[in-house]
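# Coordinates in review
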4 protein chains.
Amino acid sequence: MTDQETTSEDEQLSELYADFETENLIPLWTQIADLMPAVPKPKAVPHVWRWDVLYPLAARAGDLVPVGRGGERRAIALANPGLGNVPYATPTLWAAIQYLGARETAPEHRHSQNAFRFVVEGEGVWTVVNGDPVAMRRGDFLLTPGWNFHGHHNDTDQPMAWIDGLDIPFVHYADAGFFEYGSERVTDEATPDVSRSERLWGHPGLRPLSGLQDTVSSPIAAYRWEHTDAALREQLLLEDEGQPATVAPGHAAVRFVNPTTGGDVMPTIRAEFHRLRSGISTETTQEVGSSVWQVFEGSGRVTLAGETQELSKGDLYVVPSWTPWSLTADTEFDLFRFNDAPIFERLHFNRTYTQGSIR
Amino acid sequence: MTDQETTSEDEQLSELYADFETENLIPLWTQIADLMPAVPKPKAVPHVWRWDVLYPLAARAGDLVPVGRGGERRAIALANPGLGNVPYATPTLWAAIQYLGARETAPEHRHSQNAFRFVVEGEGVWTVVNGDPVAMRRGDFLLTPGWNFHGHHNDTDQPMAWIDGLDIPFVHYADAGFFEYGSERVTDEATPDVSRSERLWGHPGLRPLSGLQDTVSSPIAAYRWEHTDAALREQLLLEDEGQPATVAPGHAAVRFVNPTTGGDVMPTIRAEFHRLRSGISTETTQEVGSSVWQVFEGSGRVTLAGETQELSKGDLYVVPSWTPWSLTADTEFDLFRFNDAPIFERLHFNRTYTQGSIR
Amino acid sequence: MTDQETTSEDEQLSELYADFETENLIPLWTQIADLMPAVPKPKAVPHVWRWDVLYPLAARAGDLVPVGRGGERRAIALANPGLGNVPYATPTLWAAIQYLGARETAPEHRHSQNAFRFVVEGEGVWTVVNGDPVAMRRGDFLLTPGWNFHGHHNDTDQPMAWIDGLDIPFVHYADAGFFEYGSERVTDEATPDVSRSERLWGHPGLRPLSGLQDTVSSPIAAYRWEHTDAALREQLLLEDEGQPATVAPGHAAVRFVNPTTGGDVMPTIRAEFHRLRSGISTETTQEVGSSVWQVFEGSGRVTLAGETQELSKGDLYVVPSWTPWSLTADTEFDLFRFNDAPIFERLHFNRTYTQGSIR
Amino acid sequence: MTDQETTSEDEQLSELYADFETENLIPLWTQIADLMPAVPKPKAVPHVWRWDVLYPLAARAGDLVPVGRGGERRAIALANPGLGNVPYATPTLWAAIQYLGARETAPEHRHSQNAFRFVVEGEGVWTVVNGDPVAMRRGDFLLTPGWNFHGHHNDTDQPMAWIDGLDIPFVHYADAGFFEYGSERVTDEATPDVSRSERLWGHPGLRPLSGLQDTVSSPIAAYRWEHTDAALREQLLLEDEGQPATVAPGHAAVRFVNPTTGGDVMPTIRAEFHRLRSGISTETTQEVGSSVWQVFEGSGRVTLAGETQELSKGDLYVVPSWTPWSLTADTEFDLFRFNDAPIFERLHFNRTYTQGSIR
């Protein structure tokens, strides 16, 4: 180094930054604007995936790509365009279409990642969760909480596709993932209409005395469409009768919950079903945390950060953190939603902004 | 007083005790054996009340005693023979048969005491809870948690009777009771099959987004027999299939719970339904806290502190704290039970002793 | 019975009531006014016990009544004049002066009842809780939660007296009491200044890694006067500086808590220390549940249901449920209070009324 | 596209993958090995930063880089070599040395990120948290929970440096950050020895009645070295006396906790202090989640994934998720540790493996 007294401050600074780099150090003052913005600036972007694009691509994969040990699942993930080349719908959430051809089996495994399935159309597959065969049918919401063995098998001559939701991106980010292979085939090939978990737990307000210990995730393996539909229908009928029932005028909604606690079905994932009357619009809302929505029935429009897109059956879209969103129903409009809100609520980072008031 | 030196110790002691009495003091050492026994020594005694005695007495009251403001309810309480002349089934629990004649109304009121109804036979009455008319039918378990206005009206030409359970003795003991009169007639005379509370909350695993705040007591006004029966039946079928489901071999049981928490329906009262296969006996059990049981269907025997009694439909019996009890089923045997276990669990006094192991 | 048609209604009614009695039944309609009043009507009455009466009586008992196995403790209980001849300060709470002569020992035992000691004057006794000797000194609040073995021994040539508080009346009422004898002498006769529990747990905001499991009752055996005094003094100094710290102007107060939860020290008993500046009066307050207060230092007045009494050091008084009370300080005024509020809060019966607003 | 029948499967597959890419889709089967490994495979690596390197670099920054609005803090972050060029000690945790020259002020701001300071040497700076000036001295652990305004000012003619710990990486990842500027100077320039928060909350087992509402983060702004040191010393003395107190033989440890709940000081960050007797080694442990340790006093060695490094005063090292670690003390050895365990416990991903047993 040259004589300190003649060294310019700029040279000293450059040398300091070089020494920082050598010593695996980075100063805050060059990073703070990006690191700590005034409000969240997600890299993830709003995006819509069309069911009439997704399903044919999944079917082509069904023809070309076998399902089995190693690849494990014929699942094709939504890759948020803002996140770079990773199979993440949002920074925390995985959303994929999974496709199982006639008579195919996806082998059993288990992992610490929490998973669910949602069925927008079709039937004929049983997912077997810790040995309990669970029929999958249109409108059903099905759980595979972390560390439960599970596989799927198609008992029909028709293919079936559905949506998988998991916390894979979060678990990968957080280095919290464990994974184990299970049976090559599902451990129970029975095809009952109703799973054992539903027979034990699917009675409103009734808890088996054999199940008094609270569980981290819901013990109900399948939330059936007939119940979801009835709950939403009754909310709108009660509203018609002038009774409090809907979350906003013309907007019925239910949350899928763990009956042992009344809380979310799994520690990282919230799941809800929404029904808007034709013509209804929601207030524009911003939330900390990200969501994935899928249209179940009807048509309407979503406005995401000011841009409006038409939606119809099966279409999926993502709402990144703090992105303003609103929905408008052009018909009666049914949508399934899942998000990472339990993470933010449990860590007390949740914030919601709706029309001028922070809650 | 005589010269201290010549006063005997006995005299001094008598004087001391007299002074204690004057000053509103009582020494521990004369009381401890009764106050603090090695195990609970309840004054309440085991007792059986027969439905074929109770019902005719209630019917006679129906002929002779009007129902209305002041007396409020035509309810006739089980008075535990051990407790002296008080209308208490146990130190904490009230159990009564309530009888409402054809077209009669029991006026609305509210109180801090928690209440429920259980229907062993009959129908035709609607209990109106905070304006929500709730049909009462055989096998139904109906809630009126503390401080909810409620009245009953019989919409038929037949009388109807049912069981009321409350925490009146506890609230009276604890000086915690508040009471207010409401409407002379029920505020909604509609007679729907299903209450609004059930339409909003009675869907398994589904929580309305308009009801995300946890509630102290269950928001479900009626737990219907068809659900209870199905839940018990499925437990026995699962047992037949070799699956874990029953609380003990041949013994199916459910607890009625608050869907917002998974916990008991009300802060002081637990309610359960038990079904024993014919021929099954339970283990002899001792529990801190007291229970009231009612036979719903079938016949069998209960052994209470070593004495066995035959039971048939509608019979009620009480189990005082720490009294050994066991049940034997002579047919398929359905029983409703309520107790004060939430008090003891929340205050950490709960203990159970079953066949040699303290839990 | 005579011919039914000629029997008057009165006769029929008399017969009905006689049959009720035979069958161990009592109708609600004759009882409801007493059973379910509009607001709590406690049998317990407000009452003051004077320290200068209590202490000499205890000393006389010290001369006349030995302490030892069987009687267990030389404890003389406040007997509420409204409750009949029972040693209960209130329906739920036991309060007694306990007196231990020079070199005496009170033998070890344990019980499910929760207990504490509060020392208004004196020192020289060690209470040994599960083998941990705990020095007792003026101003200290000492715990013996349910089912911990404990005995006391006086290591000096002077007698010592203090106040015992327990939930004996509640546990007796609720048939929840278990009792076991322990060692005839205390199991550790050491006389350290500080107990082991304090050395492990008495560091503010620090939790031992060996104690991460939450405990039902506080693991701290002694809450020392120097801490209580400092906490109260700082609240008043902060108030002087214009900072929020006191519970009301001129009124400093702390609650003794379980450091594993931040909640009450024991499941049934709340304990607090209050300091009023000279000249300060509290608002008149009504609370569900009962309290016992003891003056620690200074003088003032309490108004109980409209009647005012002078108070000075050591005086004890009880406030039954829903009885209006207020305090006025004639000097700086220090008071210890314990009550049964945890019972009412855990069972959701708590209500407080202060100057027109129900909280 | 050419004739379908003559197209090879490979070509079809390439076309399918190209279409996936066009449609923002990525298949699971090409990603699963990286995404869902059998056990966590963190990108973060174990690394040690030396205090005798860090401090001089911070001092050079003190000469060359002003502190003030915009850059906000003269903080230099540990950048984990495995994470690419980001200022993250681990995927979730920020750790930096902050340096404040004589008489300098770091302006006030607030952010949703949770922060603490730990002082390994020096004194003379007050951190002002929501208007409460908090002295910083060697051994102190100081909190700035999310959304509290805070600034720092050096009231002496000497520089001072300390360690900042935050959840910046987690909050950035999760898009949950909010940030606001406050006062240019600290809002209270007083220099008291003890903060107001300590005067209100720093009394063991005592809770102010003005603070009965539980808080998300601890209300104690400073955990003082004299308390931490005393707690650790007592644990070792109790161990000498044969009493249970230490977490393992020769290993004393405390967790800094929120006195309103007994839980962690902030929702995302756990902080602990460990003291090993000379010669003691810990068992080799693997944990889900990452930690940062700093040597406070003494010397020893850490073994991280099989590699051992010498440690002395001020040295910092990081332990990525599931990386085996153990410590050996060559003298009495005092270490401060913070980690992200609350995130994993609240989301139920926590696992620990120690010498053959998974807990």
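Higher on the page you've got the structure.
Residues numbered from 1 in each chain as written. Chains lettered and ligands numbered in written order. Predicted model: local features only at pLDDT ≥ 70, side-chain atom pairs only at ≥ 80, totals over all residues. Heavy atoms only, no water.

Before going further, it helps to examine the overall build of chain A. If you tally the helices and strands in chain A, you get seven helices and 25 strands. Dimensions of chain A, computed from the C-alpha atoms along their principal axes, are close to 85 × 55 × 45 Å. The buried share of chain A, taken over its 359 residues, is 62%. Relative to all contacts within chain A whose residues are 6 or more apart in sequence, the contacts with residues 24 or more apart total 74%. About 12600 Å² of surface is accessible on chain A, with carbon and sulfur atoms providing 48% of the total. One finds the centroid of the 28 positive side-chain charges in chain A at a distance of 9 Å from the centroid of its 50 negative side-chain charges. (Helix = DSSP H or I, 4+ residues; strand = E, 2+ residues; numbered from the N terminus. Buried < 20%, exposed > 50% of the residue type's maximum accessible area, 1.4 Å probe, protein only. Contact = heavy atoms within 4.5 Å. Areas by Shrake-Rupley, 256 points an atom, 1.4 Å probe, with all protein chains shown as cover. Lys, Arg positive; Asp, Glu negative; His and termini not counted. Charge placed at Lys NZ, Arg CZ, Asp CG, Glu CD.)

Contact residues are listed per partner, giving 86 residues for chain B and 86 residues for chain C. Together chain B and chain C conceal approximately 7400 Å² of surface at their shared face, both sides included; 70% is due to carbon and sulfur atoms. At the junction of chain B with chain C, the criterion picks out two salt bridges. Our count for the chain B to chain C interface comes out at 23 residue pairs in polar contact (both at pLDDT 80 or more). Elements represented by at least two residues in the side of chain B that touches chain C include exactly helix H1 (9–22), strand E1 (25–27), helix H2 (32–35), strand E2 (47–49), helix H3 (51–64), strand E3 (75–78), helix H4 (168–173) and helix H7 (341–346) of chain B. With eight residues, the single largest contributor to the side of chain B that touches chain C is H1(B). Residue classes in the side of chain B that touches chain C are distributed as 54 nonpolar, 17 polar and 15 charged. (Buried area = accessible area lost by both parts, 1.4 Å probe. Salt bridge = Lys/Arg side-chain N within 4 Å of Asp/Glu carboxyl O. Polar contact = N/O pair within 3.5 Å; in protein donor to acceptor, adjacent residues only side chain to side chain. Nonpolar A, V, L, I, M, F, W, Y, C, P; charged D, E, K, R; others polar.)

Superposition of the two copies of the chain requires a rotation about an axis and a shift along the axis. Mapping chain D onto chain A leaves a residual RMSD of 0.0 Å; the transformation is a rotation of 180° accompanied by 0.0 Å of translation along its axis. Classification of the inter-copy transformation places it as that of a two-fold axis. No C-alpha of chain D approaches the rotation axis more nearly than that of D:Arg346, which lies at 3.2 Å. An overlap of 100% is found between the interface residues of chain D and their copies at the interface of chain A, pointing to a shared contact surface. (Least-squares fit on C-alpha atoms with pLDDT ≥ 70 in both.)

Right, let's talk about the arrangement of the chains for a bit. Across the gap from chain A to chain C, with no contact made, the nearest C-alpha atoms are 17 Å apart. Considering only C-alpha positions, the minimal separation of the non-contacting chain B and chain D is 17 Å.

Let us look at the interface of chain D and chain A. Opposite the 86 residues of chain D that make contact, chain A presents 86 residues. The contact between chain D and chain A buries some 7400 Å² in all, and 70% of this surface belongs to carbon and sulfur atoms. Scanning the region where chain D abuts chain A turns up two salt bridges. Between D:Arg60 and A:Asp19 there is a salt bridge, with its nearest N and O atoms 2.7 Å apart. Our enumeration of links across chain D and chain A arrives at 23 residue pairs in polar contact (both at pLDDT 80 or more). Looking at the side of chain D that touches chain A, the elements with two or more residues in it are helix H1 (9–22), strand E1 (25–27), helix H2 (32–35), strand E2 (47–49), helix H3 (51–64), strand E3 (75–78), helix H4 (168–174) and helix H7 (341–346) of chain D.

A word on the packing of helix H3 (residues 51–64) of chain A against H1(D). One way to put it is that H3(A) packs onto H1(D) with a least axis distance of 10 Å and a crossing angle of 150°. Looking at the two axes, H3(A) sits roughly antiparallel to H1(D). Crossing of H3(A) over H1(D) shows left-handed handedness. Of the residues in H1(D), those touching H3(A) at A:Leu57, A:Arg60, A:Ala61 and A:Leu64 are D:Glu9, D:Gln12, D:Leu13, D:Glu15, D:Leu16, D:Asp19 and D:Phe20. (Axes fitted to C-alpha atoms, helices over the stretch in contact; angles between N-to-C directions. Parallel < 35°, antiparallel > 145°, perpendicular 65-115°, else oblique. Left-handed = near helix turned anticlockwise from the far one by under 90°.)

Strand pairing within a sheet occurs via backbone hydrogen bonds; the two strands may be parallel or antiparallel. Spatial ordering of the open sheet is given by E14(A)-E9(A)-E6(A)-E11(A)-E4(A)-E3(A)-E1(D), a layout of seven strands whose pairing is antiparallel. The sheet is open, and its two borders are formed by strand E14 (222–223) of chain A together with E1 of chain D, each paired with just one other strand. Alignment of strand E4 (residues 94–100) of chain A against strand E11 (residues 160–166) of chain A, held across seven bridges, turns out to be antiparallel. What sits directly across from A:Ile97, in E11(A), is A:Ile163. Sitting on the sheet, H3(A) touches strand E3 (75–78), E4 and E11 of chain A together with E1 of chain D, and the angle it makes with E4(A) is about 50°. (Pairing = 2+ DSSP bridges.)

What follows is about the side chain of B:Ser197. Within the secondary structure, B:Ser197 sits in helix H5 (residues 196–201). Setting aside residues up to four positions removed in sequence, B:Ser197 forms contacts with B:Asp132, B:Gly202, B:Pro219, B:Ile220, B:Ala221 and B:Ala222.

Turning next to the environment of B:Arg270. Residues and elements named next belong to chain B. Position of Arg270 relative to the elements: it lies in strand E16 (residues 270–276). Beyond its immediate chain neighbours, meaning those up to four positions away, Arg270 contacts Arg255, Asp264, Arg337, Phe338, Asn339, Ala341, Pro342 and Glu345. One polar contact links Arg270 to Asp264, side chain to side chain, over a distance of 2.8 Å.

Throughout the structure, instances matching the rule amount to 106 aromatic pairs over all chains. Centre to centre, the rings of A:Phe170 and D:Phe349 are 6.1 Å apart; their planes meet at 35°, and the pair counts as tilted. With A:Phe170 in helix H4 (residues 168–174) and D:Phe349 in the loop between H7 and strand E24 (352–354), the pair connects residues from two separate chains. Among the residues examined, A:Phe170 registers a relative accessible area of 1% and is labelled buried. Centroid distance B:Phe179 to B:Tyr181: 5.5 Å. Interplanar angle 90°. Geometry classified as edge-to-face. Judged by relative accessible area, B:Tyr181 falls into the partly exposed class, the value being 49%. The rings of A:Phe116, A:Phe118, A:Phe141, A:Tyr223, A:Trp225, A:Phe256, A:Phe273, A:Phe296, A:Phe336 and A:Phe338 are connected pair by pair, giving a single aromatic cluster. Stacked on the ring of D:Trp147, the Lys or Arg A:Arg351 has its end atom at 4.3 Å from the ring centre. (Phe/Tyr/Trp six-rings, centres within 6.5 Å; stacked < 30°, edge-to-face > 60°. Lys NZ or Arg CZ within 6 Å of the ring centre and 35° of its normal.)

This next bit is on H3(B). The terminal C-alpha atoms of H3(B) lie 20 Å apart, and with 14 residues this matches the ideal 20 Å at 1.5 Å per residue to within 8%. Regarding H3(B), the residues found buried are B:Trp51, B:Leu54, B:Leu57, B:Ala58, B:Ala59, B:Ala61, B:Gly62 and B:Leu64. (Expected span 1.5 Å × (residues − 1).)

The next thing to look at is the pattern of salt bridges. Under the criterion given, the structure shown has 116 salt bridges over all chains. In this structure, the salt-bridge partner of C:Glu287 is C:Arg337, at a minimum N-O distance of 2.7 Å. Taken together, the residues C:Glu287 in strand E17 (residues 285–287) and C:Arg337 in strand E23 (residues 333–339) connect sequence positions 50 residues apart. Three or more residues are tied together by salt bridges with common partners; here these are A:Asp229, A:Arg233, A:Arg275, A:Glu332 and A:Asp334.

Spatial relationships are all this shows, so hold off on functional conclusions.
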